[in-house]
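Next come the chains, spelled out residue by residue.
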Amino acid sequence: MSSQIFRSASRNARSFLSAAAKNSRFYSEGRAVASATAVTFSGRSSLLLSNFAKAGSENASRGWISGALALPAAVYMLQEQEVHAAEMERTFIAIKPDGVQRGLISEIISRFERKGFKLVAIKIVLPSKEFAQKHYHDLKERPFFNGLCDFLSSGPVVAMVWEGEGVIKYGRKLIGATDPQKSEPGTIRGDLAVVVGRNIIHGSDGPETAKDEINLWFKPEELVAYISNAEKWIYGNN
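Residues numbered from 1 in each chain as written. Predicted model: local features only at pLDDT ≥ 70, side-chain atom pairs only at ≥ 80, totals over all residues. Heavy atoms only, no water.

### Description of the overall build of the chain
Logical step 1: Across its full length, the chain carries twelve helices and four strands.
Logical step 2: For the chain, with 238 residues in total, the buried portion stands at 42%.
Logical step 3: By sequence separation, contacts in the chain at least 24 residues apart represent 75% of the contacts at least 6 residues apart.
Logical step 4: Carbon and sulfur atoms make up 53% of the accessible area of the chain, which amounts to about 13400 Å² in all. (Helix = DSSP H or I, 4+ residues; strand = E, 2+ residues; numbered from the N terminus. Buried < 20%, exposed > 50% of the residue type's maximum accessible area, 1.4 Å probe, protein only. Contact = heavy atoms within 4.5 Å. Areas by Shrake-Rupley, 256 points an atom, 1.4 Å probe, with all protein chains shown as cover.)

### As for the side chain of Ser183
Logical step 1: Its place among the elements puts Ser183 in the loop between α9 (167-175) and α10 (188-192).
Logical step 2: Under the relative-accessibility criterion, Ser183 is labelled buried at 10%.
Logical step 3: In terms of polar contacts, Ser183 uses its side chain to reach the backbone carbonyl oxygen of Ala177, at 2.9 Å.
Logical step 4: Once residues within four sequence positions are removed from consideration, Ser183 is found in contact with Gly176, Ala177, Arg189 and Gly190. (Polar contact = N/O pair within 3.5 Å; in protein donor to acceptor, adjacent residues only side chain to side chain.)

### Section: the UniProt feature "active site" (unreviewed entry) in the chain
Logical step 1: Mapped onto the present numbering, the UniProt feature "active site" (unreviewed entry) falls on His202.
Logical step 2: Assessed through its relative accessible area of 14%, His202 is described here as buried.
Logical step 3: Each residue touching His202, except ones within four places of it in the same chain, is listed here: Phe92, Ile93, Ala94, Lys96, His135, Ile175, Arg189 and Glu213. (UniProt positions renumbered as here; feature names shortened; annotations may be inferred.)

### A closer look at the sheet that holds strand β1 (residues 88-95)
Logical step 1: With antiparallel pairing, the four strands of this open sheet are ordered in space as β2-β3-β1-β4. The outermost strands of the open sheet, each flanked by one partner alone, are β2 (118-125) and β4 (201-203). Averaged over all pairs of adjacent strands, the angle between their axes in this sheet comes to 20°, without regard to strand direction.
Logical step 2: Bridging between β2 and strand β3 (residues 157-165) involves seven bridges; their strand directions are antiparallel. Bridge pairing in β3 places Lys123 opposite Ala159.
Logical step 3: Sheet strands touched by α9: β1, β3 and β4. Its angle to β1, the strand with the most contacts, is close to 30°. (Pairing = 2+ DSSP bridges. Axes fitted to C-alpha atoms, helices over the stretch in contact; angles between N-to-C directions.)

### Describing helix α8 (residues 145-152)
Logical step 1: Those residues of α8 that fall on the buried side of the exposure criterion are Phe145, Cys149, Phe151 and Leu152. Down the axis of α8, the buried side of the element spans an arc of 165°, and every buried residue falls inside it. (Arc of directions from axis to C-beta.)

### Some words on unusual backbone geometry
Logical step 1: Its identity is not glycine, yet Ile200 carries a phi of approximately 65°, on the positive side.
Logical step 2: Here Ile200 shows up in the loop between α10 and β4.
Logical step 3: The class for Ile200 is buried, based on a relative accessible area of 0%.

### Observations regarding the UniProt feature "binding site: ATP" (unreviewed entry) in the chain
Logical step 1: Following the UniProt record, the feature "binding site: ATP" (unreviewed entry) maps to Lys96, Phe144, Arg172, Thr178, Arg189 and Asn199 here.
Logical step 2: Mapping Phe144 onto the fold places it in the loop between α7 (129-135) and α8.

Structure representation (structure tokens):
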């Protein structure tokens, strides 16, 4: 519920903030007030109002904007980035050598795009056996560990990072069960794979795994942060 409130607030303030950002004095003072008083959503609005009134009186001679308009703008300005970070998560997705060799790259990418997730990094990698061992390090005690590493390093892999609300959990649903025979129709593995040893795709299974795998496969500068024109139609920010 709070994320919906914040998103709505951010939406209402965005046009105002874009204009206000052109005035560096207003922007810096607005952040100062927001930092000192961003407790509205904790129920302490009286403290926020008193702090804001004080700041407003000190800046009255400089023609600062009225409290009724600047108060929500100052608060939302701080909250917007935090809410976006909390809602938008990233996951690592890899099209394995069998998926690449079978020409399924565009098919797999299109399924994530049609869902509404955003591609923020992509590259083709020919991983070494040692690199594959790092990727599957949590499975090193399993009897099939060497076979997994041999296969992942047997050909090119398309490494990707996708971003969106719930992308880690729902990305796994898009992929399907590890065993394609147990994957539901409509999933990537359910539609496109037959046996476990050739299940064409990998996806992070949790937030910590996603973070580790993204850091393993990508340098920070290879990840792109941007706002897609489609987001307002996906998340309702229009």
